[in-house]
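# Tertiary structure, described
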Amino acid sequence: MPEQGRKSLITELLDKSYQDCFPYLPPVRLDISLTTACNTRCAYCWQQEKSGSKLNFDSVAGIIKFLCLQKPPKLNFTGGEPTVFPDFERLLEYAHKSGISSILLCTNGYRLQDYSFAKRIVNLGVTALNISVDTLDSAKFEMLRGYKFSEFRKALDNCLQLKKEYPGLYVTLASVMSKMVSPEELSEVERFCLKNKLGYFIQSFDKTIYPHINKRFALSAAERQDYAARLSWLKGRVGEVVRRPDNPLTRRDGPARCYKGITTVKLSSDGSIRFCWKGNPIGNILESPFIEIWNSPAARKTRELIRDKKCECDFDCDVFESLELLD
C-alpha cells in the first residue's frame, strides 16, 4: 500500500476507534511506573509516601510479551525511580529481546553517577534518557531534588560521555516550572542543553494530593501567564499540550481529539491499567489478563468520557509520541 494511503487508513481507524470507543488498532505506547520507591527525595514529589511495588518480572514481562505479539510499542520506564526496581536490568534486556527498539528511561539521574551502570543499561536497550533538573543553582537543586549537585553533575558528565560513545542515544533534561524556580533559571538549563546538544522539556507543576506542597510550588493563573511571557521559547508548552500541526490531534479542520484510549497504556506499580496517569484505572493485570482489561466495559466507558470530553486534563500530553509510531 502506498505510504499516503496507509496514513489515510490509520487516520480513519483512529477516528473510527475514537467514535466507537473500541480499539481497532493495537496500543503503540506503553508507560510503566515500576515503583513508587526512590533513592532521592524531591521536595514536590507527587508520591510522598514511598513503597515497594506489587509488580514483579513476570507480571511486567507478560504485558510486554502480549503487546509485542502485535507491534512492539514504544516503552517508557518511570516511577518513583525505576532504576531501584529489583528486576530493572532484567526487564530492559527482556523488552529489547522482545523487539522493542525504543526504550525511554525517566530518571532522577542518581544511579548514572556510576558510569559502568549507565553504559550497561544502554547496552541492554535504553535508547533515550529523560533526566530531571529544574535549576543549575547548586543550593536550590539540592533543596528541590534531595541529593548533592556535585553528584548530579557527575551523572550529567557521564551522559555527555555516553552520547559520544553512543551517537544514537537521546538525552533530555526535564524541568518542572514552579514558584521555586525563576524563568531565568529555566532559561539557563535550556541554554546548557543547546550548548551540549541535549533535548529539553518543561512542564508546569502539576498539583499533588498534598495541600502544603501545592501552596508552596503551584503557580497562580497570573504567575503562569507571566512565566509564559518570559519564556516565549516554550511555544505553548505551559499547562497545555504541545501543538504539532502534522498530528491528527491538533489539526485545525475540526475539534481536537484525544486518542489515548486507543494508543496508550499506563501500568502502575500496583498493577492497575490506565489510558492516562490522571484517569481512573480500567483494570488490574494482577487480577485479569490485559486483553480482557483493554476490551472491558470499564475501558469502553473511559473511552466514552474521552470522546465526549467529560474528562479533565491539563497535562502535557504524550499522545503525540504514540501517534507518531503509527506513521
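Residues numbered from 1 in each chain as written. Predicted model: local features only at pLDDT ≥ 70, side-chain atom pairs only at ≥ 80, totals over all residues. Heavy atoms only, no water.

## Examining the overall build of the protein
Helix and strand counts for the protein stand at 13 helices and 9 strands. Across the 327 residues of the protein, 51% fall into the buried class. Partitioning the intrachain contacts of the protein with sequence separation of at least 6 by distance along the chain shows that 72% fall at a separation of at least 24. For the protein, the exposed surface amounts to about 15600 Å²; the carbon and sulfur share of it is 52%. (Helix = DSSP H or I, 4+ residues; strand = E, 2+ residues; numbered from the N terminus. Buried < 20%, exposed > 50% of the residue type's maximum accessible area, 1.4 Å probe, protein only. Contact = heavy atoms within 4.5 Å. Areas by Shrake-Rupley, 256 points an atom, 1.4 Å probe, with all protein chains shown as cover.)

## Describing the pattern of salt bridges
Opposite charge on two side chains makes pairing possible when the charged atoms of those side chains draw close. Applying the stated criterion to the full structure yields 13 salt bridges. Note that E184 and R230 form a salt bridge whose closest N and O atoms lie 2.9 Å from each other. With E184 in helix α7 (residues 183-195) and R230 in helix α9 (residues 221-230), this residue pair connects regions lying 46 residues apart in the sequence. Assessed through its relative accessible area of 46%, E184 is described here as partly exposed. Between R300 and E304 there is a salt bridge; the shortest N-O distance is 3.5 Å. Linking R300 with E304, this pair stays in helix α12 (residues 297-307), spanning 4 residues, or about one helical turn. (Salt bridge = Lys/Arg side-chain N within 4 Å of Asp/Glu carboxyl O.)

## As for the sheet that holds strand β1 (residues 29-33)
With mixed pairing, 9 strands are arranged side by side in an open sheet as β6-β5-β4-β3-β2-β1-β7-β8-β9. The open sheet terminates on both sides in strands that have one partner only, identified here as β6 (199-204) and β9 (283-284). Here strand β4 (residues 128-132) runs beside strand β5 (residues 170-177); their pairing, made up of 5 bridges, is parallel. Its bridge partner being in β5, L129 is matched across the sheet by V171. (Pairing = 2+ DSSP bridges.)

## A look at the packing of helix α4 (residues 115-123) against helix α6 (residues 149-165)
Where α4 contacts α6, the two axes come as close as 10 Å, and the packing angle between them is 40°. What the angle tells us is that α4 and α6 run oblique. The two elements α4 and α6 meet at a crossing, and its hand is right-handed. Each of Y115, A118, K119 and V122 in α4 lies in contact with α6, whose residues at this interface are N158, Q161, L162 and E165. Looking at the contact of α4 with α6 residue by residue, the classes come out as 4 nonpolar, 2 polar and 2 charged. (Axes fitted to C-alpha atoms, helices over the stretch in contact; angles between N-to-C directions. Parallel < 35°, antiparallel > 145°, perpendicular 65-115°, else oblique. Left-handed = near helix turned anticlockwise from the far one by under 90°. Nonpolar A, V, L, I, M, F, W, Y, C, P; charged D, E, K, R; others polar.)

## Quick notes on the confidence of the model for the protein
Detailed reading of the predicted coordinates is not advisable wherever pLDDT is low. Across the protein, the average pLDDT comes to 87, with 85% of residues at 70 or higher. Note that pLDDT drops below 50 for residues 236-245; the model gives that stretch 27 contacts with residues more than four away or on any other chain. (pLDDT = per-residue confidence, 0-100.)

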